[in-house]
4 protein chains.
Amino acid sequence: MSDSSPSIKRRGRAAAGSAASRADRAAERRAAIVQAAMDEFIARGFAATRLDDIARRAGVAKGTIYLHFKDKESMFEELIRTAIVPFVSRLTTPPAPGGSVRDMVEALAKMFLQEVAGTRRADLVRLIIAEGPRFQAIADFYYREVVSRGLAAMRALIQLAITRGEIREPNLVAYPQLMIAPMMVAVLWKSLFERHAPLDAEAMLQTHLDLIFGARRPQ
Amino acid sequence: MSDSSPSIKRRGRAAAGSAASRADRAAERRAAIVQAAMDEFIARGFAATRLDDIARRAGVAKGTIYLHFKDKESMFEELIRTAIVPFVSRLTTPPAPGGSVRDMVEALAKMFLQEVAGTRRADLVRLIIAEGPRFQAIADFYYREVVSRGLAAMRALIQLAITRGEIREPNLVAYPQLMIAPMMVAVLWKSLFERHAPLDAEAMLQTHLDLIFGARRPQ
Amino acid sequence: MSDSSPSIKRRGRAAAGSAASRADRAAERRAAIVQAAMDEFIARGFAATRLDDIARRAGVAKGTIYLHFKDKESMFEELIRTAIVPFVSRLTTPPAPGGSVRDMVEALAKMFLQEVAGTRRADLVRLIIAEGPRFQAIADFYYREVVSRGLAAMRALIQLAITRGEIREPNLVAYPQLMIAPMMVAVLWKSLFERHAPLDAEAMLQTHLDLIFGARRPQ
Amino acid sequence: MSDSSPSIKRRGRAAAGSAASRADRAAERRAAIVQAAMDEFIARGFAATRLDDIARRAGVAKGTIYLHFKDKESMFEELIRTAIVPFVSRLTTPPAPGGSVRDMVEALAKMFLQEVAGTRRADLVRLIIAEGPRFQAIADFYYREVVSRGLAAMRALIQLAITRGEIREPNLVAYPQLMIAPMMVAVLWKSLFERHAPLDAEAMLQTHLDLIFGARRPQ
DNA sequence: AATGAATGAGCCTTCATTCAT
DNA sequence: TATGAATGAAGGCTCATTCAT
């Protein structure tokens, strides 16, 4: 008698019987949308990205997106924020304190190169650079959460290195950007010019560190 | 940036000086369109820019744009190219050969900071970074005309400095990007974070040069 | 012709009968668009027809058209094809085989006159003639599905008539167009000159048949 | 002193020194426009034809067209009229009165086939059929000048043939369209289907005449 | 008279957003 | 909650027409 399953419209993954609660499924969907949106925004930029494509890529209906986000713009902002957050914790985690400052900086920089340069996250950085001026909220957030924290951490390391005598140039503490600049360039290079001329970012990093900390193997 | 070219809207008769020939007028109009388009593209990016706005800003009718450009896309590409070209000659002009290499590099870098960072051209660089992946032709052109030439020139200077003993680090010749990275960062900083924290690019440059060439006033 | 389908504009809730499923509604809409488009194309030709007018006449939004057709051009082609198809079956249905060939031809011709000449379908024929050269696909389709089949059927009848001695002129079998020509002229006449001078197509048909089969009532 | 020839802009053909008066040149230009416009209208229909293309084809500036015609629409109407006129005289010229009526009709028909079917004029007929309903003035003109006259002339010939006993069917006089229908069909066939199946219009004509006048060589 | 640059209304098409189911 | 058909406001581009030269 019961008109059971009036229309199970392609649930597919939800077949997991009863384990997946409704909330779980919603979370899954949301994650799929976030993932898809990030891919599309990175590939096309904000304005040129179509919600249709995001929906298709996420395997949901267009309307579903509006159950999770107010509109395209806030989806974009929230997305970027979400993508940045896990990175922030990395920056705030102090590096293994043992060893030389150079080693600590090197470890940090390598981590950055591996996890950003040459990955989709490089394009995220590019995306923030590209859309920043139009999404001040994002630029602000990025500055507050990533840039200022990252620079502060770097400044502390520089200060430490100067104190320890690892770095001679005292002014560097005023410009931690100098420490980071090559990483920035590497990220953009991968994204824009890698096909023209590959860049060995890690080797460049060594040279950079040699300049700042003094060459290791002067011998 | 500034809404330059207040755009003489359809003067009834020949007004401006009376000397302006038809060709002159056409050139004027084209210049106005180029200017307006650059402003709009910089402000909004390619996809979000409306030809309507460009036309209004340039003080011409929408159709007029199509007398000068095939379509939005080729207008964009041609624009970027046109804007880059005058810069190329600067890069290829060898700096005054007298004096130390550091002086030459410093002169170059200051010129770059003054004429790019903090001007509309900084946003042009940002625009290229932003749209590069979607306009490979532009990325290619930029790499070929600006990046590779700039790096080659820088490499030559580094080589010279090493020969002369001004620079100790021999590996730097393999990574001229290291020389340029702070300039790049300065440009992007101005465009994105200046309002959060002003950056004294020239002072940063001095520190950068001290790192590479050795501090000047070590006493 | 007549603005049939008064087009229920966006009824707030489910109105019409309540039985109409979503698919039904879509089919209805599509039918309304097809109808409206046919009317407009017939009235103005392909190039001069505005999708705006089609949408308004069909009682749908402009965008809705694009849910059913790729673009104006393929809408036009598909439309013509759709309109022709039901006619093809008529042509392929052999006429009641009893009686004289003249009777069979007469039946066919009358059917044609009644269902084409003086109806919107006459304008469809005109439309095909008008746009054929610019829409070769349509001309091809029309030739393949209608013209060649119609002529083949007519040729078979002529052959039969010659065999039976109903038609004396043996060469007619090579030019079935001669049998059809007056019908063609009647159709175009109705569409173009009826208001100048009405044409009694059926009477003309009788005379035509008399010429070909010999006068009936020679006495 | 006389500011002679202030700017002979590409006159080219006008080089004929002094022979070509200004009026002559204007007439030439007008003729070129008429010719070009006819070609374009035939190739694309009224709505899809661009004045730009007409101007280019005629070798004049776009503005020049407006020195000769009020606007696109009246150009079209005037054009068709102009093209039809020379044909009217042909129709009104009685055929060589000697010989049989069949010979006269045959001569007329052959003339028509040669000068219309298979030439650009066939497309003119198609154009009139196509645009007639949207340009009632043209349809009216065409009916008045060509159709009614042509039919009247044909009717007279039929009457004569009946009187002389060349034609048996008395009703034909009421439907001179029957005499002309195959020619009409031939013209449209050439324009639409010739590439699918060539039509030997003259042979078809013979069969047609045989049907009406009786086979020639029954022997 | 002739030119063709300039205009701007208008058209096709796209796409963010809504809402009945 | 999820869907996707439907909407309609834009936006890119075209082209008949005008008008200063």
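Everything numeric in this text was worked out from a predicted model, so none of it was measured. (Residues numbered from 1 in each chain as written. Chains lettered and ligands numbered in written order. Predicted model: local features only at pLDDT ≥ 70, side-chain atom pairs only at ≥ 80, totals over all residues. Heavy atoms only, no water.)

How big an interface is tends to be expressed through the accessible area that disappears when the partners come together. Counting from both sides, the interface comprises 46 residues of chain B and, opposite them, 46 residues of chain A. With both chains or domains summed, chain B and chain A bury close to 4000 Å², and 72% of this area falls on carbon and sulfur atoms. Put simply, chain B and chain A have two salt bridges between them. Inspection of the chain B/chain A interface yields 12 residue pairs in polar contact (both at pLDDT 80 or more). (Contact = heavy atoms within 4.5 Å. Buried area = accessible area lost by both parts, 1.4 Å probe. Salt bridge = Lys/Arg side-chain N within 4 Å of Asp/Glu carboxyl O. Polar contact = N/O pair within 3.5 Å; in protein donor to acceptor, adjacent residues only side chain to side chain.)

Around DNA strand F, 38 residues are found, and the nearest of them are A:T64, B:K62, B:Y66, C:R29 and C:T64. For DNA strand F, the backbone portion of the atoms within 4 Å of the protein, that is sugar and phosphate, comes to 74%. A distance of 2.2 Å is found between a phosphate oxygen of DNA strand F and a side-chain nitrogen or oxygen belonging to C:T64. Every element with two or more residues in the surface near DNA strand F is listed here: α3 (62-68) of chain A, α1 (22-44) and α3 (62-68) of chain B, α1 (22-48) and α3 (62-68) of chain C together with α3 (62-68) of chain D. The biggest single contributor to the surface near DNA strand F is α3(C), with five residues. Looking at the surface near DNA strand F residue by residue, the classes come out as 12 nonpolar, eight polar and 18 charged. (Near = heavy atom within 4 Å. Helix = DSSP H or I, 4+ residues; strand = E, 2+ residues; numbered from the N terminus. Nonpolar A, V, L, I, M, F, W, Y, C, P; charged D, E, K, R; others polar.)

Tracing the backbone through its elements, the reader meets C:K72 in helix α4 (residues 72-92). A distance of 3.3 Å separates a polar atom in the side chain of C:K72 from the backbone oxygen of C:A47.

To continue, consider the relation of the copies chain B and chain A. It takes a turn of 179 degrees to lay chain B on chain A, together with a shift of 0.0 Å along the axis; the resulting RMSD is 0.3 Å. The superposition operator between the copies reduces to a two-fold rotation axis. Among all residues of chain B, the one whose C-alpha sits closest to the rotation axis is B:A130, at a distance of 2.2 Å. A shared interface surface links the copies, since 100% of the contact residues of chain B are contact residues in chain A too. (Least-squares fit on C-alpha atoms with pLDDT ≥ 70 in both.)

Let us now look at the confidence of the model for chain A. Looking at chain A as a whole, its pLDDT mean stands at 87, while 88% of the residues score no less than 70. Note on residues 1-17 of chain A: pLDDT is under 50 here. Beyond four places in sequence and across chains, it has five contacts. (pLDDT = per-residue confidence, 0-100.)

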